[in-house]
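Fold and geometry: a report
Residue strings, one per chain:
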Amino acid sequence: MNKDRIEEAQAEALEACKAAETPEALEGVRITYLGRKGLLPAMMKGLKGLAPGERAAAGRAANAFKEAVTQALAERRRTLQAPAPVAGGPGADTSLPGRWHRLGSMHPVSRVIEEAVRIFGEVGFTVAEGPDIESAYHNFEALNTPPHHPSLDPQDTFWLDSGELLRTQTSPVQIRVMESRQPPVRVITPGRCYRRDTTDATHSANFHQIEGLHVDENGGSLSDLKGVLAHFAHEMMGPEVGVRFRPHFFPFTEPSVECDFSCHVCGGGGCRVCKFSGWIEIAGAGVVDPRVYAKVGYDAERLSGYAFGMGVERIAMVKYGIEDIRMLYDNDVRFLEQFA
Amino acid sequence: MKVPVSWLRDYVACDAAPETLAERLTFSGTEVEAVTPVEAAFEGVVVGEIRTVAPHPEADRLRICHVYDGRTERPVVCGAPNAAAGVKAPLATAGTRLADGTRVGSAAIRGQVSNGMLCAEDELGISDDHTGIMVLPEDTVPGTPFAELMGGPDSILDIEVTWNRPDCLSIIGIAREVAALFGAELRLPPVDFEEQGEPVEALARVSVDAAAACPRYTARVISDVTLGPGPLWMQRRLMLAGQRPINNVVDITNYVMLETGQPLHAFDYALLEDGRIVVRHARQGEALHTLDGVARPITPEMLMIADARRPVALAGIMGGAGSEIRPDTRRVLLESACFDPGTIRGTVSTLGLSTESAYRYERGVDPAGAEWCSRRAAHLLARHAGGTVAPGVADVYPGQSPPRRIRCRYERVNRVLGVAVPGERVASILETLQIPVVARDASGCTVEAPSFRRDIEIEADLIEEVARLHGLDKIPAALPQARRAPGVSNEAVYAHQACRRSLIGLGLHEIVNYSFVGAEAPSQFDAERRAEWIVLPNPVSADYALLRAMLAPQMVDTLGRNLARQVGTAALFEMGRVFRRKPGTANGETARLCVGLLGPAGRGALDRRRPVEAEEMFLWLKGCIESLGRAQHVPDLSMRPGRTAWLDASWTVEVRSGSHRIGVLGVLAESIRRERRMAEPAAVAELDLDPFVAHAFAAPELRPIPAYPGVARDMALIVDEAVAHETIDGIIRQAAPPELTRVSLFDIFRAEGIGRGRKSLAYTLYYRSAERTLTDEDANGYMARVKEALRKALNVEIRETQ
Ligand SMILES: [Zn+2]
């Protein structure tokens, strides 16, 4: 037996020690390797047949073998002989419920917003906020909304006696940011929005949005938009989630697109969450319409930029499998504590 | 917009499967929401002619018709009131499967043989009409397979047209998209007809008095029309597109509207005073009965079509009953016009009346196309209503404008899309969309925006066309480059997140409530500041009448709702905005924090059965807010007795940071909790959020770790109930030397032996010096000073325990 074979045998012997579950089995291991008719004596005998150069190395390996196996046997023996743990000795009931106050939980709407802040924060977006009560200028006109667009209808928007309104989107914050800063701009605007929808399983007159805006002298193209939303999809819904884009219309972007995420539940095969389409509509987005830059005094020729927006409740619903948006505003503790 | 595929194929040479059409349209921006197959194959149904009708000997309501099917006559039992000799109707032969799935048999009905069945429209799945058998045109040939008249199986594309593309509210508009997508030829339908008789100028005079609201008005006159049902194939198409056939003239106007997107209106010429058409705004006191039979209140900003005397139609929305097409109409004035979208929209929203026509005008109709569409309708009227078209057209066109020329720079296309699209490809995409390229060079091309594409105004609009036709999937997703914009920070957001996490760490669940509350929801909480509440002029429901001015009312409701669902213990918080109108200022928004406790939230698991008391509810909440204050580094957080309408007067404190009042905290007033069926005390705090986030990341002022050991001394004080802990604490701190580091209350005890109205408070006092180890003598001396001061100030009995 040369040195390599001996080392192999040693590994095998140590493994056998570990595997022995009873003192009897362990004794069997000892006999196999160290016993009078075991492997070690055979090994020693075999040394004589080796070439002189190999013999010294093999001899050292054999000694190491003996030492290691002896030690492993002793250790294993101690473990096997130790008394088995008994649950609860006299007066010591370790099965009693632990005592420390329990943590609370974060509302799913906040969870989604906080995650989005992190995800977009990692690629350079900071958060901007604005008022819930907005001017019609910031909410519509500055965003290039045509004066007869249906969204201006009192049927759809909460107008106040003051002539202001409850913002229908968080895009007005983007206008406020562009009014107050020079490019480059890279912000996300999470916040509460309002539309005169009758409440049902998927609509709520009060909801949350996360919008984003990136305006720059280089970058800010449709290709960059695709990249950022793909990054978001992977981080928020899972690395295997894909994104696809469909052309659409929004007043303040051109081209405008809608963005679908492949269903994180079924992987695209179709299920209840994605209504058996394999895709879930998540975001509206597009390249900022140059007419919007004109409103805020930016030089449209020098710049390009994209914007996107998505519903927080919708993401929370598909991510956590919540079937009725009203659950999010019901605040039943038995629902909330599951988000601990 | 419902588009029957067979109809679409009339205008575009593309035989792609309906699903393929749907996919390509959707991914180029014309979203097909559904593809619905139309099964009606009408197998076994032929045209039958009723030759004779005889009464059924056994049943009053039934009759025996002898029906000629093109080869022989057969008896058919029929109950329809309109079955009469000479009538041609669909005959379902034995074995035909009807729309409801039943099969037509050949059987005796009440003892009489019936070989087949004469069908009503609903039985064939054409419509839901069951008033009688479906009467076919007189010239229909008996024995003709019904499918030949009606068209075979079909598919309907259900298309959601975006607001900017009114041109796609038409079959031809969709065909244009399909032609561009598939490189197929666009085929426009015929518009030819013979002109006869008096010229139109002799019959009709059109004037437009409101040019801004009516860029174009055209009128043709068609004489000698014969009213009757429209051709079957047209009826069938209208029905597939979701419209109800009415008569040939009205059907043709509707058909051409669906075909071209141009709304048309047919007036009975004889009912127009003086053959006059005046497009003008309404006058004070005028009234109009629209053809749905409703008297419409008319206001001066509404646009009218009037004759010489009175309004005869709500322009672009609905005709008037006084000039509508009747069975005896012989001469028709055909309107094909363009109206201003805003004017139409205003009238639609004032009257709450929308129509297919108004829907298109609100979004914009192509003025340049109006005359062509009029010709198309005249062509059909001549063919299918027997009309003769008067020579010429009355055409008033104040809104005519030259086509817009727009430059499309290839470099800008590449910049916006982030991918290189070759210049030739850009130009060819635009051309396939019928956007003519009038000039081109190496750096770009110049196009003329077609009149039917009102949405194309600037270069960005052309880039959008290129993107959607080139294919968004061909634009690569660039890896995001993390680059911060200068001078901005996320610190404020992270401070909010830290506050939220501190609250969660304290064991509280976060809740989120609506910004809306019911009209009287805050009246028990905030009635004296009612003037500041912001009332919504158009709430969605009475429960959402106000913007919330504070968070506590919803918190209390949330606790009550949970209790009603047998959730007896709850510790909740909400961070949210509240809204108040301060006199003389704009609508104010403030971020607030509300915390609510219900049940034994502060007790260990083994001690939750005992009812909770007001004092412990109060102390839990107080401790919770103090902990939060420490976690968020609120400067000088303090509490002192306070008062507010919705909290129990005995257990209310005002919370301060330094000298700023930042909110209130206490046990909920009994009347409020009883109303919500809460049997035990609950505690609620309503606070400004800013102090809890403003210093979130403040660096601590570090103190050295003590070098010398300290000494602790206990003492119990028996005092009157009225003596507050705060008072004792104050006396101790004042009397003790600077070596006093901490005063800790460790027991409160009340018993007979102590005396009525007395309580025992046990304190540990900790002393430590920064310079040396304190001795027993030192501590004894300090305690003596403290006790003396206590005795002097209070009626106190002191027991030192060591
Ligand atoms: Zn799925």
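Each value, and the rule that gives it
Residues numbered from 1 in each chain as written. Chains lettered and ligands numbered in written order. Predicted model: local features only at pLDDT ≥ 70, side-chain atom pairs only at ≥ 80, totals over all residues. Heavy atoms only, no water. Helix = DSSP H or I, 4+ residues; strand = E, 2+ residues; numbered from the N terminus. Rg over C-alpha atoms; globule rule 2.2 N^0.38 Å. Contact = heavy atoms within 4.5 Å. Buried < 20%, exposed > 50% of the residue type's maximum accessible area, 1.4 Å probe, protein only. Areas by Shrake-Rupley, 256 points an atom, 1.4 Å probe, with all protein chains shown as cover. Lys, Arg positive; Asp, Glu negative; His and termini not counted. Charge placed at Lys NZ, Arg CZ, Asp CG, Glu CD. Core = buried A, V, L, I, M, F, W, Y, C linked by side-chain atoms within 4.5 Å. Buried area = accessible area lost by both parts, 1.4 Å probe. Salt bridge = Lys/Arg side-chain N within 4 Å of Asp/Glu carboxyl O. Polar contact = N/O pair within 3.5 Å; in protein donor to acceptor, adjacent residues only side chain to side chain. Nonpolar A, V, L, I, M, F, W, Y, C, P; charged D, E, K, R; others polar. Donors = N, O, S within 2.8 Å, 3.2 Å for Na, K, Ca; no water. 1 Å grid on protein atoms, 1.4 Å probe; cavity = no way out; pocket = protein on both sides within 12 Å on 5 of 7 lines; lining within 4 Å. Points joined across faces, edges and corners; volume = space filled by probe spheres on them. Arc of directions from axis to C-beta. Pairing = 2+ DSSP bridges. Axes fitted to C-alpha atoms, helices over the stretch in contact; angles between N-to-C directions. Domains from an automatic or database assignment. Parallel < 35°, antiparallel > 145°, perpendicular 65-115°, else oblique.

Remarks on the overall build of chain A
Across its full length, chain A holds 12 helices and nine strands. Its C-alpha atoms give chain A a radius of gyration of 34 Å, more than 25% over the compact-globule value 20 Å for 340 residues. In terms of overall dimensions, chain A has a C-alpha envelope of 100 × 60 × 40 Å along the principal axes. Taking the intrachain contacts of chain A between residues at least 6 apart in sequence as the baseline, contacts between residues at least 24 apart amount to 66%.

Topic: the overall build of chain B
Broken down by element type, chain B carries 21 helices and 39 strands. The globule rule puts the C-alpha radius of gyration for 802 residues at 28 Å, and the 42 Å found for chain B is more than 25% above it. Within chain B, buried positions represent 54% of all 802 residues. Taking all contacts inside chain B whose residues are at least 6 apart in sequence as the whole, residues at least 24 apart take part in 69%. Counting every atom, chain B has about 35700 Å² of accessible surface; 50% of that belongs to carbon and sulfur. Across chain B, 91 positive and 105 negative side-chain charges occur, with their mean positions spaced 6 Å apart.

Description of the nonpolar core
With 117 residues, the main nonpolar core has A:Phe308, B:Leu8 and B:Leu417 as its most contacted residues. What B:Leu8 contacts, discounting residues up to four positions off in sequence, is B:Val3, B:Leu21, B:Leu157, B:Ile171, B:Ile174, B:Ala175 and B:Val178. With 46 residues, the next largest nonpolar core counts B:Phe516, B:Leu536, B:Met550 and B:Leu572 among its residues.

Observations regarding the interface of chain A and chain B
At the interface, 90 residues of chain A touch 85 residues of chain B. When the two sides are added together, the surface that chain A and chain B hide from each other amounts to roughly 7300 Å², 55% of it contributed by carbon and sulfur. Per-residue buried area on chain A facing chain B is highest for A:Glu114, A:His148 and A:Pro247; these three make up 8% of the total on that side. At the surface where chain A touches chain B, the tally comes to 11 salt bridges. Our count for the chain A to chain B interface comes out at 47 residue pairs in polar contact (both at pLDDT 80 or more). With seven residues, helix α8 (residues 222-237) of chain A is the single largest residue contributor to the side of chain A that touches chain B. For the side of chain A that touches chain B, the per-class residue count stands at 33 nonpolar, 26 polar and 31 charged.

Brief notes about the coordination of the zinc ion
Distances from the zinc ion to its protein donors, A:Cys263 (SG), A:Cys266 (SG), A:Cys271 (SG) and A:Cys274 (SG), fall within 2.2 to 2.3 Å. For A:Cys266, a relative accessible area of 25% translates into the label partly exposed.

With respect to the layout of surface pockets
All names here are of chain B. Estimated volume of the second largest pocket: approximately 1500 Å³. Every residue lining the second largest pocket is counted, 37 residues in all, and those nearest its centre are Lys-622, Glu-626, Met-639, His-725 and Glu-726. When residues of the lining of the second largest pocket are traced back to their parent elements, those giving at least two are α17 (614-631), β32 (637-641), β33 (647-657), α20 (725-735), β37 (740-749) and β38 (758-767). Looking at the lining of the second largest pocket element by element, the count peaks at eight residues for α17.

A short note on helix α2 (residues 18-26) of chain B
For α2(B), every residue scored as buried is listed here: B:Pro18, B:Leu21, B:Ala22, B:Leu25 and B:Thr26. Angularly, the buried residues of α2(B) cover 120 degrees about the axis, an arc narrow enough to put them on a single face. The secondary structure elements touched by the buried residues of α2(B) are β6 (243-250) of chain A together with α1 (5-8), β2 (31-38), β10 (154-160) and α4 (171-182) of chain B.

A look at empty space enclosed by the protein
Applying the stated rule across the entire model yields four cavities of 30 Å³ or more. There is about 140 Å³ of room inside the largest cavity. Taken together, 16 residues line the largest cavity, and the ones lying closest to its centre are B:Gly29, B:Thr162, B:Asn164, B:Arg165 and B:Arg468. For the lining of the largest cavity, the elements supplying multiple residues, two or more each, are β6 of chain A together with α13 (459-470) of chain B. Considered class by class, the residues forming the lining of the largest cavity number four nonpolar, six polar and six charged.

Let's talk about the pattern of salt bridges
For side chains bearing opposite charge, pairing can occur when the charged atoms are close. Residue and element names in this part refer to chain B. Taken as a whole and assessed by the stated rule, the structure comprises 79 salt bridges over all chains. For Glu-532, the salt bridge is made with Arg-529, and the minimal N-O distance between the two is 3.1 Å. Assessed through its relative accessible area of 13%, Glu-532 is described here as buried. Residue classification places Arg-529 among the partly exposed residues on the basis of a relative accessible area of 33%. Here Glu-675 ties to Arg-676 by a salt bridge, and the two come within 4.0 Å at their closest N and O atoms. Overlapping salt bridges bring together Arg-165, Asp-167, Arg-176, Glu-177, Arg-453, Asp-455, Glu-465 and Arg-468 as one network.

Re the sheet that holds β2(B)
Sheet strands line up and pair through hydrogen bonds in the backbone, either parallel or antiparallel. Residues and elements named next belong to chain B. If you trace the three strands from one edge of the open sheet to the other, you get β1-β10-β2, paired in antiparallel fashion. A strand with exactly one partner marks an edge of an open sheet, and here the two such strands are β1 (2-4) and β2. Across the sheet, the axes of successive neighbouring strands diverge by a mean angle of 25 degrees, strand direction being ignored. The pairing of β2 with β10 spans seven bridges and is antiparallel. Along β10, the bridge assignment pairs Val-32 with Ile-159.

Some words on the domain arrangement of chain A
Structurally, chain A comprises domain 1 (3-81) and domain 2 (108-339). Here the C-alpha centroids of domain 1 of chain A and domain 2 of chain A sit 68 Å apart.

Digging into the side chain of B:Glu121
Residue and element names in this part refer to chain B. Mapping Glu-121 onto the fold places it in the loop between β9 (117-118) and α3 (146-150). No salt bridge is formed by the buried Glu-121; the nearest opposite charge belongs to Arg-244, separated by 5.5 Å. If we skip the residues at most four places from it in the chain, Glu-121 touches Ile-126, Ser-127, Asp-129, Met-134 and Met-239.

Concerning the packing of α8(A) against helix α10 (residues 312-320) of chain A
Residue and element names in this part refer to chain A. In contact at an axis separation of 11 Å, α8 and α10 are set at 50 degrees when each is read in the N-to-C sense. Classed by the angle they form, the pair α8 and α10 counts as oblique. Contact residues: α8 offers Phe-232, Met-236 and Met-237, while α10 offers Ile-315, Val-318 and Lys-319. Looking at the contact of α8 with α10 residue by residue, the classes come out as five nonpolar, no polar and one charged.

Observations concerning the pairing of strand β17 (residues 303-306) of chain B
Residues and elements named next belong to chain B. Alternating positions in β17 separate into two faces, Leu-303 and Ile-305 on one and Met-304 and Ala-306 on the other, with burial throughout. Note: strand β14 (residues 276-281) against β17, four bridges, orientation antiparallel. Note on β17: the bridge partner recorded for Arg-280 is Met-304. With three bridges connecting them, β17 and strand β18 (residues 311-314) associate as antiparallel partners. Bridge assignment links Ala-306 to a residue of β18, and that residue is Pro-311. Taking the residues between adjacent antiparallel strands as the criterion, β17 and β18 are bridged by four residues.

A closer look at the sheet that holds strand β6 (residues 88-92) of chain B
All names here are of chain B. Pairing in this open sheet of five strands is antiparallel, and the strands run β5-β4-β3-β6-β9 from one edge to the other. One side of each edge strand has no neighbouring strand; the edge strands of this open sheet are β5 (73-78) and β9. Two elements, strand β3 (residues 45-55) and β6, share five bridges in a ladder whose sense is antiparallel. If you follow Val-47 over to β6, its bridge partner there is Pro-90.

Re the environment of A:Lys319
All names here are of chain A. Relative to the elements of secondary structure, Lys-319 occurs in helix α10. Lys-319 sits in the partly exposed class, given a relative accessible area of 24%. Taking the C-alpha atoms as reference points, Lys-319 and His-264, 55 residues apart in sequence, are found 8.1 Å from one another. Here Met-236 takes part through its backbone oxygen, which lies 2.7 Å from a polar atom of the side chain of Lys-319.

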